[in-house]
Amino acid sequence: MLLLAVIYILALLAIGVYARTKADNTPEGYFLANRGFGPLVLFFTLAATNFSAFTFLGFAGAGYTHGMGQYGVMALGTACMALMFYVIGRRVWQLGKTRGYVTPGELVGGRYGSRGLQLLFTGVMSVFTIPYLAIQAVGAGYILQMLMPSVSMEVGAIAAIAVICFYVLSGGMRASGWTDVVQGVLMIAAMVAAVAFVGHALGGFSQASAAARDVSPALFSRPGPGSYFTVKIWLSFFVLWVFCDPMFPQMFTRFYTAKSQRSLRTAMVLYPLLVSFFFLLPVLIGVWAHGTGIDVDTPDNVLLLMVERYTPPMVFSFVSVGALGALMSTADSQLLSLSTMLTADTVGKNVRVSRMVTVALSAFAVVFVLFGYDPASGIMGTLVDTTFSGLVVLAPAVLATLYWDRATHLGCIASILSGETLVMLQYVVELPTGGFLPSVVALLFAAVILIAVSMLFPGENADAARATETR
């Protein structure tokens with residue numbers, strides 16, 4: 001059963017070594033693969049980067065807990081997020097190409113000539129992305145533990161982080177992009193195999209769904225078990241995915257890597273087609289589990305438990321490796337994007353320093369795995385409560401920077417600080433949200449503050465005209 005995993009890991013290491021022989025050691029080469037990703041590589045790297053541990057493990061777990069409503073929320077919101085490839089990605093690509101930007105902070109701070117805003121933006125992005133990076137390691141640990149019961153989750157997580165760190169250090173963005181193509185194809189094939197074999201073992205899709213419906217009819221209707229998916233919660237998740245996903249540094253940075261606008265347009269068209277199909281599969285398996293009587297102590301493990309019980313050992317191994325590919329493709333992108341930001345936005349575009357930061361971030365992920373992860377929260381809960389809530393608040397500042405000439409650096413700073421304060425307050429006191437997710441309230445609050453402060457304190461904005469030149 002371990003043979004496929006070993007082959008997969010060796011393939012990743014080989015790609016990293018090969019990418020190092022093809023890439024130059026300049027900042028443009030290491031950080032952005034010389035802005036040369038064509039349509040196919042860009043599409044797969046955007047998809048694989050966004051399909052992570054929560055796609056394989058968290059989606060199935062949320063489907064098991066909340067029912068088919070999970071598919072509607074995730075597929076609709078994430079598919080529509082592809083519109084942001086054009087709204088945000090096109091402008092980011094243009095400004096990055098003309099001004100040499102390599103980080104999100106450079107773009108936002110550069111519009112206003114504000115070093116403080118640049119550092120604030122980078123700091124917030126980093127703080128809320130690092131837990132997401134660590135979650136990928138947790139997912140890897142669970143998968144490797146399923147393959148090798150004698151190996152603890154912690155040991156598996158550390159091994160996965162070590163492999164990721166190696167090939168990122170070796171080939172930078174080129175290695176990350178090339179491995180994303182391999183991992184993207186692998187995860188799609190693995191998920192299709194999982195649903196096909198599990199569905200067949202349960203007597204077909206209709207019978208598997210009917211058995212689950214007999215146990216809990218609420219799984220197939222909104223608001224689902226526990227009445228979680230109200231209309232307001234559905235709308236909240238839709239807004240969250242559309243505005244938050246482009247704020248992931250690993251997604252934002254990939255807009256810079258496009259070879260042309262054609263690459264972005266192709267990704268925008270293909271992405272929702274893949275999402276609409278792919279996201280249904282793990283949710284189905286999570287829902288079907290109710291009709292099998294399988295003992296699920298941790299919802300995040302339900303997909304692997306179902307595949308282990310209802311498919312041949314070789315299929316289980318293949319699906320496990322596919323899940324490993326999903327999370328590792330996200331982790332390598334996050335690791336590179338974070339090290340790029342923390343280097344370029346503080347001490348300059350120094351590849352050697354960036355590699356040192358990569359090692360430090362890998363070590364931090366290990367510490368999180370050992371001391372900071374709470375299994376009771378689950379992967380989905382951890383991400384919604386931390387990364388997604390913190391990053392979505394950045395969206396008003398980015399959109400205003402790209403499209404509103406009257407926006408000011410003070411408006412952006414006030415927007416980010418006030419929005420993040422509201423996000424943090426939810427951990428201290430119960431804030432009124434009107435039935436929506438707190439992160440959506442924080443997003444709207446941040447947008448209002450940005451507009452109000454920019455209008456009240458217009459100040460000097462000499463760089464605004466130059467920022468609109470390429471529109």
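Refer to the preceding data block for the structure.
Keep in mind that this is a model prediction, so the values were computed, not measured.

Novice: Please clarify how the overall build of the protein chain should be interpreted in this entry.
Specialist: Within the protein chain, the secondary structure is distributed over 22 helices and 0 strands. Relative to a compact globule of 471 residues, whose C-alpha radius of gyration would be 23 Å, the protein chain shows 22 Å and is just as compact. Summarising its shape, the C-alpha atoms of the protein chain cover approximately 65 × 55 × 40 Å along the three principal directions. Within the span of the protein chain, comprising 471 residues, buried residues form 59% of the whole. Partitioning the intrachain contacts of the protein chain with sequence separation of at least 6 by distance along the chain shows that 85% fall at a separation of at least 24. Separation between the mean location of the 24 positive side-chain charges and that of the 21 negative ones in the protein chain comes to 13 Å.

Novice: Would you mind showing me how to read the pattern of salt bridges here?
Specialist: The full count for this structure, using the stated rule, is 3 salt bridges. A salt bridge links Asp180 to Arg254; its shortest N-O distance comes to 3.4 Å. Pair noted here: Asp180 is in helix 9 (residues 153–201) and Arg254 is in helix 12 (residues 249–256), with a separation of 74 residues, a long-range link. When its relative accessible area of 0% is taken as the criterion, Arg254 is described as buried.

Novice: Where do I start with helix 16 (residues 313–344) in this structure?
Specialist: In an α-helix, one turn spans 3.6 residues; hence positions three or four apart end up facing the same way. For helix 16, built from 32 residues, the straight-helix expectation of 46 Å at 1.5 Å per residue is met to within 8% by its first-to-last C-alpha distance of 46 Å. Extensive coverage of helix 16 is indicated by the burial of 28 of its 32 residues.

Novice: Can you walk me through the environment of Phe316 in this structure?
Specialist: Among the secondary structure elements, Phe316 is positioned in helix 16. Classification of Phe316 as buried rests on a relative accessible area of 1%. Taking the C-alpha atoms as reference, Phe316 lies 32 Å from Val269; in sequence the two are 47 residues apart.

Cut-offs and rules
- Residues numbered from 1 in each chain as written.
- Predicted model: local features only at pLDDT ≥ 70, side-chain atom pairs only at ≥ 80, totals over all residues.
- Heavy atoms only, no water.
- Helix = DSSP H or I, 4+ residues; strand = E, 2+ residues; numbered from the N terminus.
- Rg over C-alpha atoms; globule rule 2.2 N^0.38 Å.
- Buried < 20%, exposed > 50% of the residue type's maximum accessible area, 1.4 Å probe, protein only.
- Contact = heavy atoms within 4.5 Å.
- Lys, Arg positive; Asp, Glu negative; His and termini not counted.
- Charge placed at Lys NZ, Arg CZ, Asp CG, Glu CD.
- Salt bridge = Lys/Arg side-chain N within 4 Å of Asp/Glu carboxyl O.
- Expected span 1.5 Å × (residues − 1).

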